[in-house]
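# Descriptive analysis of the structure
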2 protein chains.
Amino acid sequence: MPGILEDADRHCAKTGVRLTPLRRRVLELVAQAGAPVKAYDLLSQIDQTATSAKPPTVYRALDFLMEAGLVHRVEALNAFVACPQAGHGHAAVLYVCESCANVTEVQGSRPGQENKPAGFTVKRSVIEHYGLCADCPHP
Amino acid sequence: MPGILEDADRHCAKTGVRLTPLRRRVLELVAQAGAPVKAYDLLSQIDQTATSAKPPTVYRALDFLMEAGLVHRVEALNAFVACPQAGHGHAAVLYVCESCANVTEVQGSRPGQENKPAGFTVKRSVIEHYGLCADCPHP
DNA sequence: GAGCGGATGTAATAACGTAACGCTTTGACG
DNA sequence: CGTCAAAGCGTTACGTTATTACATCCGCTC
Ligand SMILES: [Zn+2]
Ligand SMILES: [Zn+2]
Ligand SMILES: [Zn+2]
Ligand SMILES: [Zn+2]
């Protein structure tokens, strides 16, 4: 979590996209959480400061942040996590602890493509592992 | 595609779970589709025969079928596909064509766990690759 | 037939996400 | 500087996905 916002600033400056105050605020909330966050939770947090937040507000910001490679969507949870490495080019592999909700992200060039069908061209991968992290008691 | 229902009958007999007519009907619809199907689409198809289908009806059937290893949920699509190999023990890897919606399932013992964090115990994996299959025109 | 557990029916609502429209801000350009 | 187009954002309304809670039914056992 240290420096995620600063990294985002640098990354956006380099790639020429606009990290507006609203988008930066949403990224800040996602990064602060340190765990998967729901869109409507972000919504209610934004609402505390400005009464004007509606669903499109937060979804647009999240779309931007995902496009910019600053946030990943956790598909099986309908939630979002901040990426610890702004704008990395490869697919993210997420290890999600079902006990403490901690998420560890690792990256690889072609993760999970062990037996790819001949001729298939992968454009996007969703790789999420659910279980128990090292810090949580194993049954 | 051929024999999915018969395989399901055998598998449920062997594991001692009840593949009721309703559950079998839902599995039949998912298998017939040959592509990811949405829960509410199943719902409307069931409705054609019995006016009594409501959301819990189909979600309960799908929960059972997933638990039994007869159906997989495609997380990034909020949809469901029939498993070609009833009750296989390993994680499924899905290759989903974004052009023709065809899904190819392959299986492996620990797919996508290239750099698993030390001490993490994986209970469930979601591995979905999106792109273009061999039969669809590549740009 | 009383009791029990699993399966299903039913109503209501929660949770998640998007379309469409208009106003405002930004930044490029003459 | 004034103009203009594109991007960003507010707002309303709606569509889609999923669950909770409670009632009922059915097959089984005692
Ligand atoms: Zn990442
Ligand atoms: Zn944990
Ligand atoms: Zn399978
Ligand atoms: Zn295809």
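Just so it is clear, the structure is predicted and the values come from calculations on it, not from any experiment.

## Digging into the relation of the copies chain B and chain A
Rotating chain B by 179° and translating it 0.0 Å along the rotation axis places it on chain A, where the RMSD comes to 0.1 Å. Such a combination of rotation and displacement between the chain copies is what one expects of a two-fold axis. The C-alpha atom lying nearest the rotation axis in chain B is that of B:Gly112; the distance is 1.9 Å. Interface residue correspondence from chain B to chain A reaches 100%, placing this contact among same-surface, isologous pairings.

## Remarks on the protein's contact with DNA strand C
Inspection of the region around DNA strand C gives 18 residues, with A:Lys38, A:Tyr40, A:Arg73, B:Thr20 and B:Arg60 positioned closest. Taking all atoms of DNA strand C within 4 Å of the protein, the share assigned to sugar and phosphate is 53%. In this structure, A:Arg18 approaches DNA strand C through a side-chain N or O atom, which is 3.3 Å from a sugar or linking oxygen. For DNA strand C, a phosphate oxygen lies 3.3 Å from a polar atom in the side chain of B:Arg23. Secondary structure elements with two or more residues in the surface near DNA strand C: helix H4 (55-67) of chain A together with helix H2 (21-33) and helix H4 (55-67) of chain B. Considering every element that reaches the surface near DNA strand C, the biggest residue donor is H4(A), with four residues. Looking at the surface near DNA strand C, its residues break down into six nonpolar, four polar and eight charged.

## So, the environment of B:Leu70
All names here are of chain B. With respect to the element layout, Leu 70 can be found in the loop between H4 and strand E1 (71-74). The class for Leu 70 is buried, based on a relative accessible area of 2%. Separated by 58 residues in sequence, Leu 70 and Cys 12 place their C-alpha atoms 9.5 Å apart. Discounting residues that sit within four places of it in the chain, Leu 70 has contacts with Ala 8, His 11, Cys 12, Leu 19, Leu 27, Leu 65, Val 81, Ala 82, Cys 83 and Ala 86.

## Some details on the coordination of the zinc ion (ligand 4)
Residue and element names in this part refer to chain B. Protein-derived coordination of the zinc ion (ligand 4) comes from Cys 97 (SG), Cys 100 (SG), Cys 133 (SG) and Cys 136 (SG), at a distance range of 2.3 Å. In this structure, the zinc ion (ligand 4) is coordinated by four donor atoms arranged in tetrahedral fashion, with angles at the metal of 106 to 113°. Within one chain, the residues donating to the zinc ion (ligand 4) are spaced in sequence as C-x2-C-x32-C-x2-C. Of this pair, Cys 100 sits in the loop between strand E3 (91-97) and strand E4 (103-108) while Cys 133 sits in the segment after strand E5 (121-132), placing them 33 residues apart in sequence.

## Some details on the domain arrangement of chain A
All names here are of chain A. Domain parsing of chain A yields domain 1 (4-82) and domain 2 (92-131). Computed over C-alpha atoms only, the centres of domain 1 and domain 2 are separated by 21 Å. Counting residues at the interface gives nine residues for domain 1, matched by 10 residues for domain 2. In total, domain 1 and domain 2 occlude about 690 Å² of area from one another, counting both sides; carbon and sulfur atoms represent 64% of this.

## Quick notes on the pattern of salt bridges
All names here are of chain A. Going through the model one piece at a time under the given rule, you end up with 12 salt bridges over all chains. As a salt-bridge pair, Asp 9 and Arg 24 come within 2.8 Å of each other at their nearest N and O atoms. Linking Asp 9 in helix H1 (residues 4-15) with Arg 24 in helix H2 (residues 21-33), this pair joins segments that are 15 residues apart in sequence. Taking relative accessible area as the criterion, Arg 24 reaches 28% and is therefore assigned partly exposed. Between Arg 73 and Glu 75 there is a salt bridge, with the nearest N and O atoms lying 3.1 Å from each other. Here Arg 73 falls in the partly exposed class, since its relative accessible area comes to 28%. Residue classification places Glu 75 among the buried positions, given a relative accessible area of 8%.

What counts, and where the lines are drawn
Residues numbered from 1 in each chain as written. Chains lettered and ligands numbered in written order. Predicted model: local features only at pLDDT ≥ 70, side-chain atom pairs only at ≥ 80, totals over all residues. Heavy atoms only, no water. Least-squares fit on C-alpha atoms with pLDDT ≥ 70 in both. Contact = heavy atoms within 4.5 Å. Near = heavy atom within 4 Å. Polar contact = N/O pair within 3.5 Å; in protein donor to acceptor, adjacent residues only side chain to side chain. Helix = DSSP H or I, 4+ residues; strand = E, 2+ residues; numbered from the N terminus. Nonpolar A, V, L, I, M, F, W, Y, C, P; charged D, E, K, R; others polar. Buried < 20%, exposed > 50% of the residue type's maximum accessible area, 1.4 Å probe, protein only. Donors = N, O, S within 2.8 Å, 3.2 Å for Na, K, Ca; no water. Tetrahedral: all angles 85-135°; square planar, octahedral: opposite > 155°, others 65-115°. Domains from an automatic or database assignment. Buried area = accessible area lost by both parts, 1.4 Å probe. Salt bridge = Lys/Arg side-chain N within 4 Å of Asp/Glu carboxyl O.

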